[in-house]
Amino acid sequence: MIELSGPSGRRQQAPVTHDHQLRKSRASTGPGVMWKTVLPCAVMASSMAIDFVSGLTLEGFQEVAAGLGRDTILIILTIYEDAAGLQFTPLNAAQLIAERSRAPSWAVYDTFIGGCVVGGEVQRFRDVGAAMAEQALRLVEGDVEVAPMREVPARPVVDWRQLQRFGLDRDLLPANAVLEVYNPSAWERYRLQILLAVAVILLQSATIAALVIQDRPRRSAQREVAARRAELAHVSRIAQLGELSGALAHELNQPLTSILANAETGSQLIAREPVDLEEIAAILADIAEDDRRAAVIIVELRRLMSKGETDFAILDLNRTVDATVRLIRSELLMREVTVEQRLARVEMPVRASRPQLKQVLLNLLLSAADAMAEQPTQTRRVTIATMLRDDGWRELSVHDQGPGLSEAVAADPFRPFATTKTTGLGLGLSICRTIVQAHGGTLEFDETADNGARVVLALPPL
């Protein structure tokens, strides 16, 4: 066993000996004598101290190794028998000593590496076997120029685990050093893949961030457009109520007049003797019924006047049609327009805004009445129909008996400002289609209608 010690605080590397000197010494002497002869020459120029340790028991060798400092290099040679007469295999003895050593242990044989020895410049038996196999193959193939001897160069071989154990710097190893039992980190194994993945993630993150930043103005503009569209629909609805003010006043005046008449009659009956309680009870029931009629009209007016942009609820399409027709009944009577309702016999639930849906239906009914204003009274007829399609969509159609679409608006009747009326702005149908599209539905004219104009509103199923 050989110790190489350097000055305190100075890091030493394993000595590198000349192969021809080692071979010459091996040929003439034993291993111990060889190292005593060659090693001083190899380190003559350095300031390292050399100690040769032999003639001890195994425990003695272990105690010496355990007392070494970190600035010492321990080279373990072959030990077959210790001072106590105990016999060992050189590999077993080297492992027992190296595992107790506080200094890095180095060896001169390939078989020692893989236990607790750090490494050494050795001839690996696998290289020797490969060279012998190559020589044998050449002889088998009939190559007569095969040299009887072939030199297998020694190579620096290091156990990665022992480098980690002693904290030795991998960068100080020779360039041709072989790392045994090397377990690289994930970064060392997949450095390129990790870098590519990080680059992709960064690029994707940057792309997403850019899209989010670019999308903010668009979303803001969409919200602004939606708000303006809702305001325009509300203004259009209020304008419609203005057109219907006379009819609505007449519709509201009927129950109020009936209430007044019933109240006066009841007062007269109370003054009579005897008091007819049954008649008075009937009068009070009529007053309550007329009051409910007036309340329904007022509630419907309030719903129409509300904005209701986000007031989406589950509504029955048939009931909405019926309520809208009742609200506009007086106006249609004044215009002498007959309305025929052909409603489906099943419930037609839709998810919609009640005031906006009524606004669309009001606009379609008033447009139909306007289209038939110049016709004879008996031909002014509008048919409102609802049906449940096979695909589940709810369909509502308004079919008038007027002259149909004029050539001026037939190409695109929903275009803003497209109108044939001298007092119209041409925004009604455009606003209606925008409302229906916001509900996820469609609003189109039926080009196959026999006479007049038929507009079809379709809403998706729940």
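Up top is the structure these notes are about.
Parameters and conventions
- Residues numbered from 1 in each chain as written.
- Predicted model: local features only at pLDDT ≥ 70, side-chain atom pairs only at ≥ 80, totals over all residues.
- Heavy atoms only, no water.
- 1 Å grid on protein atoms, 1.4 Å probe; cavity = no way out; pocket = protein on both sides within 12 Å on 5 of 7 lines; lining within 4 Å.
- Points joined across faces, edges and corners; volume = space filled by probe spheres on them.
- Helix = DSSP H or I, 4+ residues; strand = E, 2+ residues; numbered from the N terminus.
- Nonpolar A, V, L, I, M, F, W, Y, C, P; charged D, E, K, R; others polar.
- Pairing = 2+ DSSP bridges.
- Axes fitted to C-alpha atoms, helices over the stretch in contact; angles between N-to-C directions.
- Phe/Tyr/Trp six-rings, centres within 6.5 Å; stacked < 30°, edge-to-face > 60°.
- Buried < 20%, exposed > 50% of the residue type's maximum accessible area, 1.4 Å probe, protein only.
- Polar contact = N/O pair within 3.5 Å; in protein donor to acceptor, adjacent residues only side chain to side chain.
- Contact = heavy atoms within 4.5 Å.
- Parallel < 35°, antiparallel > 145°, perpendicular 65-115°, else oblique.
- Left-handed = near helix turned anticlockwise from the far one by under 90°.
- Core = buried A, V, L, I, M, F, W, Y, C linked by side-chain atoms within 4.5 Å.
- Patch = residues over 30% accessible without salt bridge, like charges linked within 9 Å, V, L, I, M, F, W, Y side chains within 5 Å.
- Areas by Shrake-Rupley, 256 points an atom, 1.4 Å probe, with all protein chains shown as cover.
- Salt bridge = Lys/Arg side-chain N within 4 Å of Asp/Glu carboxyl O.
- Lys, Arg positive; Asp, Glu negative; His and termini not counted.
- Charge placed at Lys NZ, Arg CZ, Asp CG, Glu CD.

Chemist: What's the story with empty space enclosed by the protein in this structure? I'm lost.
Modeler: Evaluated as defined, the whole model comprises one cavity of 30 Å³ or more. Looking at the largest cavity, the residues that line it are L357, V360, L361, L396 and L457. Tallying contributions element by element places helix α12 (residues 354-371) first for the lining of the largest cavity, with three residues. For the lining of the largest cavity, the class distribution of residues is five nonpolar, no polar and no charged.

Chemist: Help me understand the sheet that holds strand β11 (residues 381-388), please; the structure alone is not making it clear to me.
Modeler: Within a sheet, adjacent strands bond to each other through the backbone by hydrogen bonds, running parallel or antiparallel. Taken in spatial order, the five strands line up as β9-β11-β12-β14-β13 in an open sheet, and their pairing is mixed. In the strand order of this sheet, the two ends are held by β9 (338-342) and β13 (442-445), each with one partner. Taken over all neighbouring pairs, the strand axes of this sheet differ in orientation by 15° on average, direction set aside. As judged from the six bridges shared by strand β12 (residues 394-400) and strand β14 (residues 454-459), these two strands associate in the antiparallel manner. When the sheet's bridge partners are listed, H399 is paired in β14 with R454.

Chemist: It is not clear to me how the packing of aromatic side chains should be interpreted in this structure. Could you clarify?
Modeler: Any two aromatic rings considered together are summarised by their centre-to-centre distance and by the angle between their planes. Throughout the structure, instances matching the rule amount to two aromatic pairs. Measuring from centroid to centroid gives 5.6 Å for Y109 and F112, while their planes differ by 65°, and the two rings are edge-to-face. For F112, a relative accessible area of 3% translates into the label buried. Between W160 and Y182 the ring centres are 4.7 Å apart and the planes differ by 80°, which places this aromatic pair in the edge-to-face class. Note that W160 is positioned in helix α6 (residues 160-166) and Y182 in the loop between β7 (178-180) and α7 (186-189), a separation of 22 residues in sequence. Relative accessible area serves as the criterion here: at 28%, Y182 is assigned to the partly exposed category.

Chemist: Is there a simple way to explain the side chain of R380 in this structure?
Modeler: Inspection of the secondary structure puts R380 in the loop between α12 and β11. The class for R380 is buried, based on a relative accessible area of 13%. From its side chain, R380 meets the backbone oxygen of M372 in a polar contact 3.3 Å long. Here R380 is in contact with R335, E336, V337, T338, M372, A373 and Q375, once residues within four sequence places are set aside.

Chemist: Explain the packing of helix α11 (residues 317-334) against α12 here, please?
Modeler: Any two packed helices are characterised by the angle at which their axes cross and by the distance between the axes. Put simply, α11 and α12 touch, their axes get as near as 10 Å, and they point 45° apart. The orientation of α11 with respect to α12, classified from their angle, is oblique. Here α11 and α12 pass one another in a crossing that is right-handed. Contacts between α11 and α12 involve L317, T320, V321, A323, T324, V325, I328, E331 and L332 from the former and L357, K358, L361, L362, L365, L366 and A369 from the latter. For the contact of α11 with α12, the residue count by class is twelve nonpolar, two polar and two charged.

Chemist: Is there a simple way to explain the pairing of β14 in this structure?
Modeler: Among the six residues in β14, six count as buried, and that is most of the element. Burial of β14 is two-sided: the residues R454, V456 and A458 facing one way and the residues V455, L457 and L459 facing the other way are all buried. Relative to β14, β13 runs antiparallel, the two sharing four bridges. Across the sheet, the residue bridging to E444 is V456, located in β14.

Chemist: I'm lost on the environment of M149 in this one. Help?
Modeler: Here M149 shows up in the loop between α5 (125-140) and β6 (155-159). For the pair M149 and Q135, spaced 14 residues apart in sequence, the C-alpha separation works out to 9.5 Å.

Chemist: Looking at this structure, I do not really get the nonpolar core. What am I missing?
Modeler: Note that soluble globular proteins tend to have their nonpolar side chains buried in a common cluster. Ranked by size, the top nonpolar core spans 35 residues in total, and within it V360, L365, V382, L396, V398, L443 and L457 carry the most contacts. Contributing elements (two or more residues each) for this core: α11, β10 (349-353), α12, β11, β12, α14 (428-438) and β14. For this core, the element with the most residues is α12, which contributes nine residues. Dropping the residues within four chain positions of it, L443 is found in contact with F414, C432, R433, V436, V455, V456 and L457. In terms of nonpolar packing, the next biggest core, distinct from the first, is built from 18 residues, L68, A94, A103 and F112 among them.

Chemist: Quick question: what am I supposed to make of unusual backbone geometry here?
Modeler: Residues other than glycine predominantly adopt negative phi, and peptide bonds predominantly adopt the trans conformation. With phi around 50°, V181 is a residue other than glycine that occupies positive phi space. On the secondary structure map, V181 appears in the loop between β7 and α7. By relative accessible area, V181 is classed as partly exposed at 41%.

Chemist: Where do I start with a negative patch on the surface in this structure?
Modeler: Negative charge collects at one region of the surface, where D276, E278, E279 and D286 lie side by side. Position of E279 among the secondary structure elements: in helix α10 (residues 277-305).

Chemist: Just to check I follow, could you spell out the pairing of strand β3 (residues 72-76) for this structure?
Modeler: Look at any regular strand and the pattern is simple: side chains alternate between the two faces of the sheet. Counting buried positions along β3 yields five of five residues, so the element is predominantly enclosed. Residues of β3 alternate between two faces, with T72, L74 and I76 on one and I73 and I75 on the opposite face, all of them buried. As judged from the three bridges shared by β3 and strand β4 (residues 105-107), these two strands associate in the parallel manner. Bridge pairing links I76 to A107 in β4.

Chemist: What am I meant to see in the packing of helix α3 (residues 58-66) against helix α4 (residues 90-100) here?
Modeler: Running from N to C, α3 and α4 point in directions that differ by 35°, and their axes come no closer than 7 Å. Two packed elements cross with a definite hand, and for α3 against α4 that hand is right-handed. Counted together, L58, F61, Q62, A65 and A66 of α3 and L96, I97 and R100 of α4 form the full contact between these two elements. Residue classes in the contact of α3 with α4 are distributed as six nonpolar, one polar and one charged.

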